[in-house]
Amino acid sequence: MRIGIIGTGNMADALGGRWAAAGHRVLFGGRSPERAGALADRTGQSAGTLQEAAAFGDAVLLAVPYDAVAGVLAALGAADGALRGRLVVDCTNAVGPGFRLTTGTGPGAARTIADATGARVVKAFNHLPDSVWRLTPPAFADGPVAVPLCGDEEAALDTVGALVRDLGCVPLTVGGLDRAAYLAAATAFLIGLWHSGHDPRTLLPPFEVVTA
Ligand SMILES: NC(=O)c1ccc[n+]([C@@H]2O[C@H](COP(=O)([O-])OP(=O)(O)OC[C@H]3O[C@@H](n4cnc5c(N)ncnc54)[C@H](OP(=O)(O)O)[C@@H]3O)[C@@H](O)[C@H]2O)c1
């Protein structure tokens, strides 16, 4: 698969590196040619501009801070339909001070991106830090990491599910884009716990206990 990555930071590095190792063709697109070039050199892939990354792939990973998204989409010509119909993977976390969602009680990042672009958006990979995505494979004591996916289109979910499996993880489709706001809120809650030094896993009983 051809994957364009918008952004050259931690998530671009972690996920792009793993997908490159799995045999995909990745183009890292950044506002800094040096950073994009360094990632491309390290992974044996290619580098380009944000526009080239957006146009490159069967899938486009949007991996910039959420507060930069509107500006990036504008620069890409989203208002003129540059991303219409494309598969965009939204891994952003719109988490601000106090671990609050900067999207407030609104529709959430993924829906906002979908509305602004007309893209087929799938929310994925936002719920865990890049350090986990760099594991080969990402797995804990209980087994491979499950990756919740939210999206409105089955084919797009299937494609992102394949990318999840290529990391050695298990895709878990949990609903449409209306559920993405819940995934975003849950992640903001988790981030708050981790930053306070708490282990969220101590909150959760085994499945069998809940379903007994
Ligand atoms: N890191 C994690 O553990 C993690 C986990 C899950 C989700 N996420 C989410 O994934 C997204 C990316 O996170 P990250 O950790 O990869 O961030 P990062 O390491 O800070 O990298 C951000 C990237 O976005 C670019 N960028 C920032 N502002 C921009 C703008 N106005 N126009 C164009 N490019 C811009 C940066 O370019 P420059 O290098 O030129 O500044 C950089 O390439 C965020 O939304 C974050 O919430 C992160």
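Structural data are supplied above this passage.
Below: a short report on this structure. Position numbers for residues start from 1 in each chain and track the written sequence from start to end. It should be noted that, the model being predicted, local features are given only for residues of pLDDT at least 70 and side-chain atom pairs only at 80 or more, the latter also being counted only at that level, while totals for whole chains, interfaces and linings use all residues. Side-chain numbers here rest on the full set of heavy atoms in the structure, without hydrogens or water.

## Digging into the sheet that holds strand E5 (residues 87-90)
Strand order in the open sheet formed by eight strands is E3-E2-E1-E4-E5-E8-E11-E12, and the pairing between neighbours is mixed. If you trace the sheet from one side to the other, it starts and ends with strand E3 (46-48) and strand E12 (170-175), each paired once. Sheet twist, expressed as the average angle between the axes of neighbouring strands with direction ignored, equals 25°. A pair of strands is labelled paired if DSSP reports no fewer than 2 bridges between them. Secondary structure elements are defined from DSSP: runs of H or I of at least 4 residues count as helices, runs of E of at least 2 residues count as strands, and each element is numbered from the N terminus. By the bridge criterion, four bridges tie strand E1 (residues 2-6) to strand E4 (residues 59-62) in an arrangement that is parallel. Of the residues in E4, the one forming a bridge with Ile-3 is Ala-59. Contacts are assigned to residue pairs with any non-hydrogen atoms lying within 4.5 Å of each other. All axes are obtained by fitting lines to C-alpha atoms, using only the stretch in contact for helices, and the reported angles, taken between N-to-C directions, cover 0 to 180 degrees. The sheet strands contacting helix H1 (residues 10-21) are E1, strand E2 (25-29) and E4, and the helix crosses E2 at an angle near 160°.

## Focus: the side chain of His-24
Tracing the backbone through its elements, the reader meets His-24 in the loop between H1 and E2. In protein, a polar contact requires one atom able to donate a hydrogen and another able to accept it; more generally it is a pair of N or O atoms within 3.5 Å, and residues adjacent in sequence count only if both atoms are side-chain atoms. Within polar-contact distance, the side chain of His-24 engages the backbone nitrogen of Met-1 at 3.1 Å.

## A short note on unusual backbone geometry
Note the cis peptide between Thr-136 and Pro-137, where omega equals -5°. With respect to the helices and strands, Pro-137 occurs in the loop between helix H6 (130-133) and strand E9 (139-140). Residue Phe-99 is not a glycine yet carries a positive backbone phi of 55°. Structurally, the position occupied by Phe-99 is in the loop between strand E6 (95-96) and strand E7 (100-101). Only protein chains enter the area calculation, which uses a 1.4 Å probe; residues under 20% of their type maximum are buried, those over 50% are exposed, and those in between are partly exposed. Judged by its relative accessible area of 35%, Phe-99 is partly exposed. Here Phe-125, not a glycine, exhibits a phi torsion of approximately 70°, which is positive. Position of Phe-125 among the secondary structure elements: in the loop between strand E8 (120-123) and H6.

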